[in-house]
Amino acid sequence: MASLPPSPQSNVLSTDFGGKSHMAFGNPMFIDDNLGSTNNVSYCRTHFQPVSMSWNNLSVKTKSSSAISSWFKLGEGTQKPVQIIQNLTGDVRDGQLLAILGSSGSGKTTFLNTLTRRNLRNLEVEGDVYLNGCSSTRDQISSCSSYVQQHDLFIGVLTVREHLTFHATLRSNDNDEIITQKVNNLIIDLGLIGVADNRINCESSGQHLSGGEAKRLSIATEILTDPSILFLDEPTSGLDSFMAVSVVSVLKKMTLAGQTVLCTIHQPSSEIFAMFDNILILAEGRTAFMGTTLNAMQFFTGLGYRCPSNHNPSDFYIYQLSIVPENETECKQKINSICDSFSKSEYYRLIDPKRIHPNRPGSSDPSLEDLESLGFKRSYLTQFKLVFQRSAKANLREPMVTAARIFNVMFVAVLIGLLYWRQDYDQNGAQNINGAIFIVLANMNFLCIFVVVQTFCSEINIFLREHSAGLYHTSIYYFAKASAELPYFILLPILLMTLVYWMVGLYDDLETFLYANLILVLVANTAAGFGYIISSISPDVNFALSIAGPIMTPLMLFGGYFVNTLTVPSFLAWMKHISWYYYGNEIITVNQWNKVTKLGCEYGPQPNHTLLLPSNGSAPGCIQDGKGVIRMLGFDESHVRPDFIYILLLFVAFRVVSFVVLHLRVRLSK
């Protein structure tokens, strides 16, 4: 066994970040001071306290599938658990940068998720994670850490500065001046000054960040919180070599301020590799090595795997621990041999949590007591204001979407108006007016549902990530989104009803006109509530769109136009009671015909027409007045008040159900 190397302080990297020149394996490395200064980075260090993290015998495997889920997989049989990581032990001290290396599938991302207690719903976890040597809770870890995940998620219409200001405001209690300074410093530190006022990804303006700029923005978002521990999953993916070095140098500066940084990284360059205080190399879910970069060199050399001079050590280690498809058995035997050798080496004893942190697993650290509760930094009112403003911007900055909705309404209104232009109040006119009313209702219902059907499912991952970071409550997000979209569900129904009302020639009375608008607005908002339910239960937009139509069809059939409600079979009649189509159609129809005292009996040039039932004993085959039209459709004037109440109940019930479903998705995601 090779003798132990010097302490980590004697690593080959010179960490004097005060100047430009740094040594990486004997070669100078240059960092542009314009990308950030130590003063800029340390300016934000006001809230965190140094925290070390350790883990002992950490193992993760997938949950076995149930018989039901196996049946849906076409008889593949019960799926056995798959071991992802096994018996990982180690630690990272405050003020250290730990890089987690390994080939694809080695368990790097799962390991980070396990440490942060995130994205583990389908996994079984064994082992312990400690903060400062004491047992930790999920809330403690969340409150003192931030996690830059591999996939970047943003509201695309916001600018870089707006996005960072939104997060900085909700994640801290600082005043506006300090928040502005933080945002400006981070924009400079991470090389985003050139795109600070560009929208992140906006189709209408054509502005979008590159992959590297988006990754740097993700890192900046999490640094804003002044975390004691920062987790990063592939922070340099998508970056060119210069920007990758600059990003890691910012992470290194954070550790000089006393913060703890853990990151997975794929194929780091020699310059980046030299910045790491410690490395953890994973292979097939096991620890192949953990310690300083110099220790790693001596460990592999002692096993007979000598890294050639002028060769990137990280590439060499990953190559030795990779599985060649044509030679899987020998490669796995080699990996197991290396992992077994490490577990028996002196290097492994250096990372024993019991030696590093003498506290008992069940003990507590008084310095972490204020981390027990994640909490929300801002009041309900501030949360609502900021989320509402962001949602409103998302609507206003996509003018093509708004224009398309207005055009849809106007096109349908003009088409209906021309088709049913200025109807006469006779037998044919009564039938046509009833058709126009139902078409208006149907079009408005479908429009409102498809406006909101992607509201939650398109942003669900952003919402879950921000909620878990403690930005805002579920209720705040729900009501802010609904409030930002409310103007659509007021103005669009009024526009449609106003155009159709006077073009078709509905009953010429101001009170009747205003009441028709009120009911259509209420129906539109009830339909939107139903759309929120579809959106909240759907995993993605395509699924939501595919189920919206089939669900809406039976509700529309029981609306009172296609089928007379008096003739519906009793075992299906219950469906009309959950159809706001039916309630809205009955109210607007009664509103239209209640004051009409006379209808002409002429059918016009319509041979072989079917005679209508008379409204009373006179003039057989003709409906004499508006009340006769109401009775012909199976409606009743006395139902107007109950119908109004039922629509209001559905309006409230749909929103309650959609909110509960959204809340459950939050609970299940933990």
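What counts and how
Residues numbered from 1 in each chain as written. Predicted model: local features only at pLDDT ≥ 70, side-chain atom pairs only at ≥ 80, totals over all residues. Heavy atoms only, no water. Axes fitted to C-alpha atoms, helices over the stretch in contact; angles between N-to-C directions. Helix = DSSP H or I, 4+ residues; strand = E, 2+ residues; numbered from the N terminus. Left-handed = near helix turned anticlockwise from the far one by under 90°. Contact = heavy atoms within 4.5 Å. Nonpolar A, V, L, I, M, F, W, Y, C, P; charged D, E, K, R; others polar. Salt bridge = Lys/Arg side-chain N within 4 Å of Asp/Glu carboxyl O. Buried < 20%, exposed > 50% of the residue type's maximum accessible area, 1.4 Å probe, protein only. Expected span 1.5 Å × (residues − 1). Arc of directions from axis to C-beta. Pairing = 2+ DSSP bridges. Patch = residues over 30% accessible without salt bridge, like charges linked within 9 Å, V, L, I, M, F, W, Y side chains within 5 Å. Areas by Shrake-Rupley, 256 points an atom, 1.4 Å probe, with all protein chains shown as cover. Disulfide = S-S within 2.5 Å. pLDDT = per-residue confidence, 0-100.

K.L.:
Teacher, can you tell me more about the packing of helix α20 (residues 510-537) against helix α21 (residues 541-557) here?
P.N.:
What describes two packed helices is the angle between their axes and the distance between those same axes. Orientation of α20 relative to α21, taken along the N-to-C sense of each, is 145°, at an axis distance of 10 Å. The hand of the α20/α21 crossing is right-handed. Between α20, through Phe530, Ile534 and Ile537, and α21, the contact on the second element is made entirely by Ala544, Ile547, Ala548, Ile551, Met552 and Leu555. A breakdown of the residues in the contact of α20 with α21 according to their chemical character gives nine nonpolar, no polar and no charged.

K.L.:
What should I look at first to understand the pattern of salt bridges in this one?
P.N.:
If the charged atoms of two oppositely charged side chains come close together, the side chains can form a pair. A full pass over the atoms with the stated rule returns 16 salt bridges. Measuring nitrogen to oxygen at the nearest pair gives 2.7 Å for the salt bridge that ties aspartate 277 to lysine 252. One end of the pair, aspartate 277, is in the loop between α9 (270-273) and β13 (278-283); the other, lysine 252, is in helix α8 (residues 241-256), and 25 residues separate them in sequence. By relative accessible area, which is 19% here, aspartate 277 ends up buried. Accessibility expressed as a relative area gives 2% for lysine 252, which makes it buried. Aspartate 509 is paired through a salt bridge with lysine 595; the nearest N and O atoms lie 3.3 Å apart. With a gap of 86 residues between them, aspartate 509 in the loop between α19 (474-504) and α20 and lysine 595 in the loop between α22 (580-593) and α23 (626-632) connect regions that are remote in the sequence.

K.L.:
Can you help me understand helix α16 (residues 399-419) in this one?
P.N.:
In an α-helix, one turn spans 3.6 residues; hence positions three or four apart end up facing the same way. Here α16 contains 21 residues, and its C-alpha end-to-end distance of 30 Å stays within 8% of the 30 Å for a straight helix at 1.5 Å per residue. When we look at burial in α16, the residues that qualify are Thr402, Arg405, Val409, Val412, Ala413, Ile416 and Gly417. Within α16, the buried residues cover an arc of 135° as seen down the axis, which keeps them to one side. Away from its buried face by more than 90 degrees, α16 exposes Met400, Phe407, Leu418 and Leu419. Residues of α16 that are buried sit in contact with α15 (380-396), α17 (427-452) and α19.

K.L.:
Please clarify how helix α12 (residues 328-343) should be interpreted in this entry.
P.N.:
With 16 residues, α12 extends 23 Å from end C-alpha to end C-alpha; this agrees with the ideal 22 Å at 1.5 Å per step. Taken together, the buried positions of α12 are occupied by Cys331, Ile335, Ile338, Cys339 and Phe342. The arc enclosing the buried residues of α12, seen along the axis, measures out at 95°, which places them on a common side. Exposed and facing more than 90 degrees away from the buried side of α12 are Thr329, Glu330 and Gln333. Of the surrounding elements, those touching the buried residues of α12 are β13, β14 (286-291), α10 (293-302) and α13 (346-349).

K.L.:
It is not clear to me how the sheet that holds strand β6 (residues 123-131) should be interpreted in this structure. Could you clarify?
P.N.:
Adjacent strands of a sheet form backbone hydrogen bonds with each other and so pair up, either parallel or antiparallel. Ordered by their spatial adjacency, four strands build an open sheet running β4-β3-β6-β7, and the pairing between neighbours is antiparallel. Where the open sheet ends on each side, the last strands, each with one partner, are β4 (83-92) and β7 (134-135). Where β6 and β7 come together, two bridges link them in antiparallel fashion. Bridging from a neighbouring strand, tyrosine 130 pairs with serine 135 of β7. This element, helix α3 (residues 108-116), spans β3 (53-62), β4 and β6 of the sheet and lies at about 120° to β3.

K.L.:
Explain a nonpolar patch on the surface here, please?
P.N.:
Together, Leu486, Ile490, Leu491 and Ile494 line one region of the surface with nonpolar side chains, adding up to about 320 Å² of accessible area. Looking at the secondary structure, you find isoleucine 490 in helix α19. According to the relative accessible area criterion, isoleucine 490 is partly exposed, its value standing at 33%.

K.L.:
Even after reading the chapter, I still don't get the state of the cysteines, so can you show me in this structure?
P.N.:
Every disulfide links exactly two cysteines, by a covalent bond between their sulfur atoms. The full count for this structure, using the stated rule, is one disulfide. Across the disulfide, cysteine 601 is cross-linked to cysteine 622 (sulfur-sulfur distance 1.5 Å). Taking the sign of the torsion about the S-S bond as the criterion, the disulfide between cysteine 601 and cysteine 622, at about 85°, is right-handed. Placement of cysteine 601 in the loop between α22 and α23 and of cysteine 622 in the loop between α22 and α23 is noted, with a sequence separation of 21 residues between them. Taking relative accessible area as the criterion, cysteine 601 reaches 34% and is therefore assigned partly exposed.

K.L.:
So what exactly am I meant to see when it comes to the sheet that holds β13 here?
P.N.:
Here six strands make up an open sheet; going across it, the order is β8-β11-β12-β5-β13-β14 and the pairing mixed. A single partner strand is all that each edge strand has here, and the edge strands are β8 (145-148) and β14. Neighbour-to-neighbour, the strand axes of this sheet turn through a mean angle of 15°, independent of strand direction. As judged from the four bridges shared by strand β5 (residues 97-101) and β13, these two strands associate in the parallel manner.

K.L.:
Honestly, the confidence of the model for the protein in this entry has me stumped. Any pointers?
P.N.:
Detailed reading of the predicted model is not advised wherever pLDDT is low. Looking at the protein as a whole, the pLDDT averages 82, with 82% of positions reaching at least 70. The low-confidence segment residues 67-77 (pLDDT under 50) makes eight contacts with residues lying over four places distant or belonging to another chain. Every residue in residues 605-620 scores below 50 in pLDDT, and together they form 22 contacts with partners more than four places removed in sequence or on other chains.

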